[in-house]
Amino acid sequence: MSAIPPSPIQDALQILGRLGVAPEDLAGGDLAARTPVTGEVICRTPVLTPEAAARRIEAAHRAFLAWRRVPAPRRGELVRLFGEELRAAKSDLGRLVTLEAGKVASEGLGEVQEMIDICDFAVGLSRQLYGLTLATERPDHRMMETWHPLGVVGVISAFNFPVAVWSWNAALALVCGDAVAWKPSEKTPLTALAVQALFQRAAARFGPDAPADLCVLLQGGPEVGEVLVDHPRVPLVSATGSTRMGRQVAPRLAARFARALLELGGNNAAILAPSADLELAIRAVAFAAMGTAGQRCTTLRRLFVHESLHGEVVERLKAVYARVAIGDPREAGVLVGPLIDGAAGESMAAALSEAATEGGRVHGGERIDRPGTYVRPALVEMPSQAPVVLRETFAPILYVMSYRDLGEAIAAQNAAPQGLSSCIFTLNMREAETFLSAVGSDCGIANVNIGPSGAEIGGAFGGEKETGGGRESGSDSWKAYMRRATNTINYGDSLPLAQGVAFEV
Ligand code: NAD
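The model shown is predicted, which means the values in this text are computed figures rather than measured ones.

Draft legend 1. Fine view of the overall build of the protein. Along its length, the protein carries 14 helices and 23 strands. Its C-alpha atoms give the protein a radius of gyration of 24 Å, near enough to 23 Å, the size a compact globule of 505 residues would have. For the protein, the C-alpha atoms occupy an extent of roughly 80 × 60 × 35 Å along the three principal directions. Residue burial in the protein is summarised as follows: out of 505 residues, 51% are buried. Long-range contacts, defined as pairs at least 24 residues apart, comprise 72% of the intrachain contacts of the protein with a sequence gap of at least 6.

What follows is the structure, given as structure tokens:
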């Protein structure tokens, strides 16, 4: 391992200065920005009152009225410039993600790379916002659909992807002609400030076609998020976070008929079948279960191993779990950084003690004695899916269970209330295809011989059931950020009515 890095506080403040964050945003305020690396406060930053948040949303709406008139490929140019800013700032912003969210260095950089990737995707998309021409039953008529900008898109994001999730939404929303109002996690305000500063640089280079307040930042906790959720100028809220948050947000959006794009909790599973390539599967399981210290929505939490392999797999995983390097996420070689805060450590300890009460054999899971909240990832051999297994505990706990036949394993996997990500390790074509079929995994993401975490931006991302049903990022997710108009044009001189209806006046 490398030498001890400088204090995370100095490290973060220097980066924020280089990225152009205004000193007044770091000099005082009601929100303490902490680093999970040591648990210390980096600085305090201002939060908005609900009234100030509402004013910022109104300003974003005014920006939308101008932005929607800018041609889509030109809007793509702004996103291209923003992607350039991200490329130039990648090492600084990636390091800031490490300092504020606790991700190990390569994952911090990976998060910024994901932002760059979605910018590239959105630039291409800005020339591909296609509508269809449809067959019409009336002579001398043409029917088509047109996609129009929607309005201010509200984005509520979680601490564990403090910048990438915003960019999945914002890059698409901007090329679609929308303005963006972002309520980041109150646990990660500094990365949000840095991204906002980078966006402003791109907007300045773009010139006056980018209206002021096209992307606004709403710093604060749930009470500021609620302003976004309830604001009549916000036709779509894309909310990423816990299922608990989704339960609060979804009915309020429904009450005013706004669109909800929900990306909520996951409880992801893997099935390890008799023909699996064990070498590959053990590596995939280790990354998916321990990576990001178990704090990904797609983290592997439940592993169903065929009974013929159960003993061997548990022994091999125990060996990997015992040797994985845990520590300061900035240090080379460290694979597991800190949990976000002390509360996360407590909820992990509570889940492990509940699992033990339910007959689980717990390996690992101890707190590590150093500043910050560091834990050894836990492997728990469970006799069955007790209630604790069916809950999402946002920490590195992998519950391992055995199964006899594939139908039983698929049913057990689908028994969780969440439906985000899933996978099977098998070299048997029938098993793989069954898993991906209509009677297989019920999740939004289903993989073969790949763990459940680490999605690419090109696919639509999201999940079913208590995960909320939203899809964002690639494929045709852009359609959520636009409104569709069906247009029928009569170029004849008569007025035939559809379905043969007669109405002679
Ligand atoms: P959280 O639910 O505590 O907070 C998420 C965001 O919601 C924060 O910005 C918070 O301020 C805001 N919020 C909370 N209550 C609100 C309310 N009533 N109105 C408006 N806003 C409100 O989640 P967290 O601890 O930051 O993140 C971890 C959770 O997020 C896990 O459950 C994880 O699975 C989930 N997550 C899901 C995805 C996905 O794509 N499905 C991605 C990342 C994280």
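Draft legend 2. Just the site of the ligand, in detail. Taken together, the neighbourhood of the ligand is formed by 29 residues, with Ala158, Gly225, Gly241, Glu263 and Cys297 sitting nearest. Elements with a contribution of two residues or more to the shell around the ligand: α7 (222–230) and α8 (243–255). Counting residues per element, the shell around the ligand draws most heavily on α7, which supplies four residues. Viewed by domain, the shell around the ligand spans two of them, domain 1 (8–264 + 468–485) and domain 2 (268–448), each represented by three or more residues.

Draft legend 3. Structural context of the sheet that holds strand β11 (residues 300–306). Read from one edge to the other, the open sheet built from seven strands follows the order β12-β15-β16-β11-β10-β18-β19, with strand pairing classed as mixed. Of all strands in the sheet, those with a lone pairing partner are β12 (361–364) and β19 (445–448), marking the two edges. Neighbouring strand axes in the sheet, compared pairwise and without regard to direction, differ in orientation by 20 degrees on average. Sheet topology places strand β15 (residues 378–381) next to strand β16 (residues 397–403); four bridges connect them, and they run parallel. Among the inter-strand pairings, Ala378 is bridged to a residue of β16, identified as Ile397. Helix-sheet contacts for helix α9 (residues 278–290) involve β10 (268–272), β11, β16 and β18 (421–425), and the interaxial angle to β11 is about 155 degrees. Where helix α14 (residues 429–436) meets the sheet, its contacts fall on β18 and β19, and the angle it forms with β19 comes to roughly 175 degrees.

Draft legend 4. Representation of the sheet that holds strand β9 (residues 259–263) in the model. If you walk across this open sheet you meet the five strands as β7-β6-β5-β8-β9, and the pairing is parallel. Whereas interior strands pair on both sides, the edge strands pair on one side only; in this sheet they are β7 (215–217) and β9. Put simply, the sheet's adjacent strands are angled 15 degrees from each other on average, direction ignored. As paired elements, strand β5 (residues 152–156) and strand β8 (residues 236–240) share four bridges and run parallel to each other. For Val153, the partnering residue across the bridge sits in β8 and is Leu236. Strand contacts of helix α2 (residues 50–67): β5, β6 (179–183) and β7, with the helix running at about 155 degrees to β6, the strand carrying the most contacts. Sitting on the sheet, α7 touches β5, β6 and β8, and the angle it makes with β6 is about 150 degrees.

Draft legend 5. How the structure looks around the environment of Met401. Relative to the elements of secondary structure, Met401 occurs in strand β16. Between the C-alpha atom of Met401 and that of Val229, which follows or precedes it by 172 residues, the distance is 40 Å.

Quick notes on the rules
- Think of each chain on its own: its residues are numbered from 1, step by step along the sequence as written.
- Since the coordinates come from a predicted model, pLDDT governs what is reported: local features require at least 70, and pairs of side-chain atoms require 80 or more to be given and counted, while whole-chain, interface and lining totals use all residues.
- The way it works is that DSSP assigns letters per residue, a run of H or I at least four long becomes a helix, a run of E at least two long becomes a strand, and they are numbered from the N terminus.
- Between the two quantities, the radius of gyration covers C-alpha atoms and the globule rule is 2.2 Å times the number of residues to the power 0.38.
- Exposure criterion: with C-beta atoms placed from backbone coordinates, a residue whose C-beta has 20 or more other C-beta atoms within 10 Å is buried, one with 12 or fewer is exposed, and one in between is partly exposed.
- Placing a C-beta atom from the backbone of each residue, one calls two residues in contact when those atoms lie within 7 Å.
- Nearness here is judged by the C-beta atom: place it from the backbone, and if it falls within 6 Å of a molecule or strand, the residue counts as near that partner.
- Where a domain begins and ends is set by an automatic assignment or by a domain database.
- Whether two strands pair depends on DSSP finding at least two bridges between them.
- Axes here mean lines fitted to C-alpha atoms, for a helix over just the part in contact, with angles spanning 0 to 180 degrees between N-to-C directions.

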